[in-house]
Amino acid sequence: MKYNFNDIEAKWQKYWAENQTFKAENHSEKPKYYVLDMFPYPSGAGLHVGHPLGYIASDIYARYKRHKGFNVLHPQGYDSFGLPAEQYAIQTGQHPAITTEQNIKTYRRQLDQIGFSFDWSREVRTSDPKYYKWTQWIFIQLFNSWYNNEANKAEAISELVKIFEAEGNANVNAACDDDVEIFTAEAWANFSEVEQQEILLKYRLTYLAETEVNWCPALGTVLANDEIVNGVSERGGHPVVRKKMTQWSMRISAYAERLLQGLETIDWTDSLKESQRNWIGKSVGASVVFNVKDYNAKIEVFTTRPDTIFGVSFMTLAPEHDLVSQITTAEQKDAVEAYIEATAKRSERDRMADVKNISGVFTGAYAEHPFTKEPIPIWIGDYVLASYGTGAVMAVPCGDQRDYDFARHFDISIPNIIEGADISEEAFADKEKTIIANSDFINGMNYKKATKRVIYELEQIGQGKGKINYRLRDAVFSRQRYWGEPFPVYYKNGMPQMIADEHLPITLPEVEKYLPTETGEPPLGNATVWAWHSIENRVVSNELIDNETVFPLELNTMPGWAGSSQYFNRYMDPHNDEAIFSKEAIDYWQQVDLYIGGSEHATGHLLYSRFWQKFMFDKGYVGHDEFAKKLINQGMILGTSAFVYRIEGENKFVSKGLVGDLKVQTIHADVSFVNSSDELDVEAFKNWRVEFKDAEFILEDGVYKVGRDVEKMSKSKFNVVNPDNICAQYGADSLRLYEMFLGPLEQYKPWNTAGITGVHSFIKRLWKLFYNDNGLKITDAEPTKDNLKTLHKTIKKVEEDIENFSFNTSVSTFMIAVNELTAQKCTSKAILEPLLILISPYAPHIAEELWNALGNEDSISTASFPIFEEKHLVESSKNYPISFNGKMRFTMELPLDMSKNDIEKAVLANEKTQEQLQGRTPKKVIVVPGKIVNIVG
RNA sequence: ACAGAGAUGAUGUAACGGGAAAACAUGCCUGACUUAGAAUCAGGUUUCUGUGGGUUCGAAUCCCACUCUCUGUACCA
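Residues numbered from 1 in each chain as written. Chains lettered and ligands numbered in written order. Predicted model: local features only at pLDDT ≥ 70, side-chain atom pairs only at ≥ 80, totals over all residues. Heavy atoms only, no water.

Enquirer: Break down the overall build of chain A for me, with residues and values.
Expert: Helix and strand content of chain A: 29 helices and 37 strands. Taken along its principal axes, the extent of the C-alpha atoms in chain A is 100 × 85 × 75 Å. Within chain A, buried positions represent 52% of all 937 residues. Across chain A, every contact between residues at least 6 apart in sequence was considered, and the portion connecting residues at least 24 apart equals 70%. (Helix = DSSP H or I, 4+ residues; strand = E, 2+ residues; numbered from the N terminus. Buried < 20%, exposed > 50% of the residue type's maximum accessible area, 1.4 Å probe, protein only. Contact = heavy atoms within 4.5 Å.)

See below:
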């Protein structure tokens, strides 16, 4: 019988769907295991062979865990809000919901044909109102919470109000805005409602704040830093200005320390944890307050080196610093303003990239040293960033290279306060080797002692304190887009009001245009039915807005990461309309046991999700404050692009070998026109685009050879390989095996379709172990010793490999096993049946088919993983390599239970040994039983 | 600049906690079968583990230095 993979795969995919084979129950006698993939954004381009890599790996693991007796949750869904659908809508007027629906259909079809064991009954889509109801709900939860630094957790805002009513805010230690004023209980009672709301907003975990954004007036939108190149928009090259906008922010900074500490408790890759650590950017030091001479002003700086405070010879403020305009003297005014203007024109990225040019201007003002009272000149310089610390630094040129360079450049003095340091060429920045000198009460102390003492003294005189600074900024949560979650928020007297939980979801309104309005409002500003009726509790026409009972709704939408920050928990109970998930469901599934996805989400999705999880933990909704125990990053699959060479100015293409010194344009050719010998199908290429129709081709040896290069797989590089074609030609099992066989999961690796014939013929050889031309050839024959050895060797290796996520090596193990069993002419059911279970996580369709052919009624996924027995691998003898001075010369078969001494004697007695020694006496004989014999001399 | 990962035949890669370097595939070559293509079968094919040094009886593996590649972050005070 022939192996007809197309029929077999369709048959079993249908069987799994109809029987809901992989549906997980929220209770079971079995232990639970939760395997999760990062859900995809359903783009219009569909899947290419790079996308399923992680899904195949997680699917193998999920299927393996089922064989191992676990109740496995392995869900899948779609991160279906996002920019591409919106941009398509702007261009075509097509509603993003429609495009998204179509794209999801394509994705589902493509995923289905690869044979994943997803529990599709739990599918979620972030753009589905039933789903985003709960995204809105979490937003409200965050709004109604504040972070209590004493308890080190989020608490209800109503508790905070109680404290304010009882004693004011003097004793409240909260993560809040910096500009909160101290008030008493009486004062609180006397504030108007709006004033109270304003104060509370400074404490809430999500809050409205003025944020600086990159505003592009021509595009009418806010741009991310990445979207700006050389000060103009990447799209269209329009000018971009910094503009303040009121936007929602998430107080993730409140969780900085816990996000950092939590990394110690999870099994994620070191590089990913390191990325998050850098992103959080903890630095320990002190805040120091400098009084400005002749002004009633103070400058607060953050420093990690308070021990060097006696080395301060100037201060630098960021050009954007609030004080600059106040303290600049009349003489310096023009220079300072010119400098500020020049800096404002440069993007932050430009400023950061340009490290060599030292620039700055003296303000004319002086600060006063907190201890010596000496005057310190105040400069501004663009190497100081407004967004980090306080936007001001105390400059210690002898101990910091940037300060040193700055001082040198502007001829500012460089006092040396480090004992024995040579600062004639560069600063001495090694704090571990620092001994302080010329520094009053800290002379002779090391860095640690001096730091402690300086902080103590600063506190005594009220000029500073110990402080920990984090780089992590609060996350802006507003987007001026259409295709995202609407906020459950309306505005009354300018203050945001949350819509009560029972009226959620607030669904996206219809709009005529998906662009910002002419007045620069976000796309939702185009909606005509987008006002909240606070009595009827429903969305009504804007015409009814009276600001008494009907109020305007929020026009921004939520960012892409909103929907993905709790989806892993929603899978546990995805159809629950009463709660985001039931307590039973979360208590049962707890957290993700294995999460697989790309490393590009290291500081986005993976950080925000940890933040929301910690918040949900504080509120008692979840039992773990980390959502994923173990995380693996799959590497990217790269495409092999093909290039043709067009002679400049002519419509002639030369074959790669003939390019030589010719001036040519290198053009991407679609890889589907190129065969495995790098030869171009010239006719197909000509028909590809009109401009190539009449092109001439200069061939070498009768063919046109293309150039090759490995690049990211992408539609624009024409190097995309579609899994549909692979499945049609070789089958899903071959695709799955080949993707794993390419190399280690975490590694970046190029795709080369030609290699798939190796795994494909392996599958055919597996089939031939079961079938010949006459049909099934399996017998009940007693397995031979060799059969058992092959099987158990394979069980052992495959089990180890899966546990270590080394899927590539188990594929070669399978090949070895099938090669050996074929050579042994094995037909024994007792061997081949367990072999099928081993292979089934990797190649589930053929495994089901053969399993069924052996007379099994249930799906192979219900079978138990075979148990390894050591006894079948025990050997009685070993073919010892005999080395002389480390070089292997010949081998000798010796019993494994032979003693060291006897082995030595036997080896020395061998005539080949004597031949090698040529009469010399060996100095030493190393015998490692079971491994090797090495003769030295 | 810093951090992380990595470098093995023509190619993808393998080698438990030092113990026979290249398993498993791809490619290429020869032969068989076939009208041809595809498929199948039999056989063959290369290297000395990025560079330099160290530890060791023995190093791809451990240590030190360097070179290069990829990824992330970047004037972080």
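Enquirer: Outline the sheet that holds strand β1 (residues 32–37), listing residues and values.
Expert: If you walk across this open sheet you meet the four strands as β2-β1-β24-β25, and the pairing is parallel. Edge positions in the open sheet fall to β2 (71–73) and β25 (628–633), since each of these has one partner strand only. Averaged over all neighbouring strand pairs, the angle between strand axes comes to 20°, with direction disregarded. Relative to β2, β1 runs parallel, the two being bridged by three bridges. Bridge pairing in β2 links Y34 to L73. In the packing of helix α2 (residues 52–67) onto the sheet, contacts are made with β1, β2 and β24 (592–597), and the angle to β1 comes to roughly 170°. (Pairing = 2+ DSSP bridges. Axes fitted to C-alpha atoms, helices over the stretch in contact; angles between N-to-C directions.)

Enquirer: Outline helix α21 (residues 723–730), listing residues and values.
Expert: Within α21, burial applies to P723, D724, I726, C727 and Y730. Seen along its axis, α21 keeps its buried residues to an arc of 165°; they face one direction. Buried-residue contacts for α21 involve α1 (5–19), α4 (96–112), α22 (732–741) and α23 (756–770). One side-chain oxygen of the residue at the start of α21 lies 2.7 Å from the amide nitrogen of D724, identifying that residue as N722. (Arc of directions from axis to C-beta. Polar contact = N/O pair within 3.5 Å; in protein donor to acceptor, adjacent residues only side chain to side chain.)

Enquirer: Any chance you could break down the packing of α2 against α22 for me, citing the residues and the numbers?
Expert: Axis separation between α2 and α22 bottoms out at 10 Å; the angle between their running directions is 100°. As the angle between them shows, α2 and α22 are arranged roughly perpendicular. Contacts from P52, L53, I56, A57, D59, I60 and R63 in α2 reach L735, R736, E739 and M740 in α22. (Parallel < 35°, antiparallel > 145°, perpendicular 65-115°, else oblique.)

Enquirer: Help me get a handle on the side chain of N808, residues and values and all.
Expert: By secondary structure assignment, the location of N808 is in helix α25 (residues 807–823). Filtering out sequence-adjacent residues up to four positions away, N808 remains in contact with M740, F741, G743 and P744.

Enquirer: Outline a nonpolar patch on the surface, listing residues and values.
Expert: Together, I926, V928 and I932 line one region of the surface with nonpolar side chains, adding up to about 180 Å² of accessible area. Here I932 shows up in strand β37 (residues 932–936). On the accessibility criterion, I932 (31% relative accessible area) is partly exposed. (Patch = residues over 30% accessible without salt bridge, like charges linked within 9 Å, V, L, I, M, F, W, Y side chains within 5 Å. Areas by Shrake-Rupley, 256 points an atom, 1.4 Å probe, with all protein chains shown as cover. Salt bridge = Lys/Arg side-chain N within 4 Å of Asp/Glu carboxyl O.)

Enquirer: I'd like to hear about the pattern of salt bridges, residue by residue, with values.
Expert: Inspection of the entire model under this criterion finds 38 salt bridges. In this structure, K630 and D267 form a salt bridge, with 3.2 Å as the shortest nitrogen-oxygen distance. Pair noted here: K630 is in strand β25 and D267 is in the loop between α9 (256–262) and α10 (270–280), with a separation of 363 residues, a long-range link. The exposure class of K630 is partly exposed, given its relative accessible area of 22%. Two residues, E650 and K652, come together in a salt bridge whose shortest N-O distance is 3.5 Å. Assessed through its relative accessible area of 25%, K652 is described here as partly exposed. Within the structure, one salt-bridge network assembled from shared partners comprises E101, R108, D112, E123 and R125.

Enquirer: Tell me what's going on with the nonpolar core, and back it up with residues and numbers.
Expert: Burial of nonpolar side chains together is a common tendency in soluble globular proteins. Counting residues in each nonpolar core, the largest one holds 91 residues, and the members touching the most others are W248, F477 and Y595. The greatest single-element share of this core, amounting to nine residues, is contributed by helix α5 (residues 129–143). With 83 residues, the next largest nonpolar core counts V759, L791, L836 and I846 among its residues. (Core = buried A, V, L, I, M, F, W, Y, C linked by side-chain atoms within 4.5 Å.)

Enquirer: Got a sec to walk through the packing of α10 against helix α19 (residues 605–618)? Specific residues and values, please.
Expert: Running from N to C, α10 and α19 cross one another at 75°; their axes reach a closest spacing of 11 Å. With respect to their mutual orientation, α10 and α19 come out roughly perpendicular. Every residue of α19 that contacts α10 at L272, Q276, W279 and I280 is listed here: L606, L607 and R610. Residue composition of the contact of α10 with α19, grouped by class: five nonpolar, one polar and one charged. (Nonpolar A, V, L, I, M, F, W, Y, C, P; charged D, E, K, R; others polar.)

Enquirer: Residue-level account of the sheet that holds strand β3 (residues 145–148), with values.
Expert: Judged by pairing direction, the sheet is antiparallel, and its three strands sit side by side in the order β4-β3-β5 without closing on themselves. The open sheet terminates on both sides in strands that have one partner only, identified here as β4 (153–156) and β5 (174–175).

Enquirer: Describe the packing of aromatic side chains, with residues and values.
Expert: Scanning all chains against the criterion turns up 73 aromatic pairs. On the numbers, 5.3 Å between centres and 20° between planes, the contact of F314 with F406 is stacked. In this pair, F314 is assigned in strand β13 (residues 314–317) and F406 in helix α14 (residues 401–410), connecting sequence segments 92 residues apart. Given a relative accessible area of 0%, F314 falls into the buried group. Measuring from ring centre to ring centre gives 5.3 Å for Y383 and F406, while their planes differ by 50°; the resulting arrangement is tilted. Residue Y383 is located in the loop between β15 (375–380) and β16 (392–395), and its partner F406 is located in helix α14; the two are separated by 23 residues in the primary sequence. In this structure an aromatic cluster arises from ring pairing among Y33, Y61, Y64, F70, F805, F807, F814, Y842 and F865. Taking NZ or CZ as reference, K65 lies 4.2 Å from the ring centre of F70, over its face. Here the guanidinium or amino end of R251 rests over the ring plane of Y207, the centre of that ring lying 4.0 Å away. (Phe/Tyr/Trp six-rings, centres within 6.5 Å; stacked < 30°, edge-to-face > 60°. Lys NZ or Arg CZ within 6 Å of the ring centre and 35° of its normal.)

Enquirer: Describe unusual backbone geometry, and please don't skip the residues or the numbers.
Expert: With glycine set apart, most residues show a phi of negative sign, and most peptide bonds adopt trans. Going from L504 to P505, the amide bond is cis rather than trans, its omega being -5°. Mapped onto the secondary structure, P505 falls in the loop between β20 (495–498) and β21 (531–533). A positive phi is found at N152, a non-glycine position, where the angle reads about 55°. Looking at the element boundaries, N152 is found in the loop between β3 and β4. Judged by relative accessible area, N152 falls into the partly exposed class, the value being 40%. We note that D294 has phi near 70°; this positive angle belongs to a residue other than glycine.

From the geometry alone we can't say anything about function, so treat these as descriptive.
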